[in-house]
Amino acid sequence: MSQSQDAAGETGIRLDDIKVVLVHTSHPGNIGAAARAMKTMGLTRLVLVSPKDYPSGEAFALSSGAHDVLDRAEVVEDIDTAIADCTLVVGASARLRSLPWPLLNPREMADKVAAHPAGSTVALLFGRERSGLTNDELAKCHYHVNIPSNPDYSSLNVAQAVQVLCYELRMRQELAVPQTRTDWGVEWDQPPARAEQLEGLFEHWEKTLVEIDFLDPTNPRTLISKLRRLILRAQPDEVEANILRGMLTQVDKSIRKP
């Protein structure tokens, strides 16, 4: 194993732990070009969420030899399936949203991935060619990442965005800056909560808030999105997520007592 690989293990950057998730890609050529961008930087895990046209000869042609990445690509029906086993989800966003959310540039994104526990699965989400990720899809992300570009012409296609983020991850691995300490001073004692676990928590939370008349389902506004932001910003571990779910269960029992 090379020195950079040794150091990469220390910092938590492992390219094999990172999924590139393309959501509702309409043009198969973009899938192939994204696979090429991934392979040049050493990433191999490609997930396609309901692509319009795949498998496709055009995708393989534009992959320029990254056929192995396409051969192993996983095709799923929805984002929840794509990120179910992930403990860190980052969504690429070309524009700022009305609801503030933790926002990173590509280099900061790579630092966050490097600080994440080694062996945990990370997802990078990329949206549709014309409209990107929806607000609901971005609400599933711990962080949003925005690629700085010319304000007068900020037109990056999907494969270019994949290339930029994969490059920054590769550079972070190559630099292999040793971390003198973790964010908490010691190693965390529990694995991070998985996306599917947090989705269950959010669904339970919404149901309970409706039952106690705190949330009006006919006029929810941004309450649930803000609760999502609060919890995702904290990045709870599995035990913490279970504690919150247990609290909600006890509330449910209490309001049903005669």
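Thresholds, definitions, all that
- Residues numbered from 1 in each chain as written.
- Predicted model: local features only at pLDDT ≥ 70, side-chain atom pairs only at ≥ 80, totals over all residues.
- Heavy atoms only, no water.
- Helix = DSSP H or I, 4+ residues; strand = E, 2+ residues; numbered from the N terminus.
- Contact = heavy atoms within 4.5 Å.
- Axes fitted to C-alpha atoms, helices over the stretch in contact; angles between N-to-C directions.
- Parallel < 35°, antiparallel > 145°, perpendicular 65-115°, else oblique.
- Left-handed = near helix turned anticlockwise from the far one by under 90°.
- Nonpolar A, V, L, I, M, F, W, Y, C, P; charged D, E, K, R; others polar.
- Pairing = 2+ DSSP bridges.
- Salt bridge = Lys/Arg side-chain N within 4 Å of Asp/Glu carboxyl O.

Topic: the side chain of Thr 87
For Thr 87, the location among the structural elements is in strand S4 (residues 86-92). Among residues more than four places away in sequence, those in contact with Thr 87 are His 116, Ser 120, Thr 121, His 142, Pro 192, Ala 193 and Arg 194.

What to know about the packing of helix H2 (residues 28-41) against helix H8 (residues 158-175)
Running from N to C, H2 and H8 point in directions that differ by 15°, and their axes come no closer than 9 Å. Our classification of the angle between H2 and H8 gives roughly parallel. Between H2 and H8 the crossing geometry is right-handed. Note on element contacts: H8 touches H2 through Ala 159, Val 162, Gln 163, Cys 166, Tyr 167 and Arg 170, opposite Asn 30, Ala 33, Ala 34, Ala 37, Met 38, Thr 40 and Met 41. Classifying every residue of the contact of H2 with H8 by side-chain character gives nine nonpolar, three polar and one charged.

Regarding the sheet that holds strand S1 (residues 18-23)
Strands belonging to one sheet form pairs held by backbone hydrogen bonds; the direction of such a pair is parallel or antiparallel. In space, the seven strands of this open sheet follow the order S3-S2-S1-S6-S4-S7-S5, with parallel pairing throughout. Every interior strand has two partners, whereas the edge strands, strand S3 (74-76) and strand S5 (103-104), have only one. Direction of pairing for strand S2 (residues 45-49) relative to S3: parallel, over a ladder of three bridges. Its bridge partner lying in S3, Val 47 is registered against Glu 74.

Considering the pattern of salt bridges
In this structure the tally under the stated criterion is 14 salt bridges. Here the salt bridges share partners, and the residues they tie into one network are Asp 80, Lys 140, Glu 199 and Arg 228.

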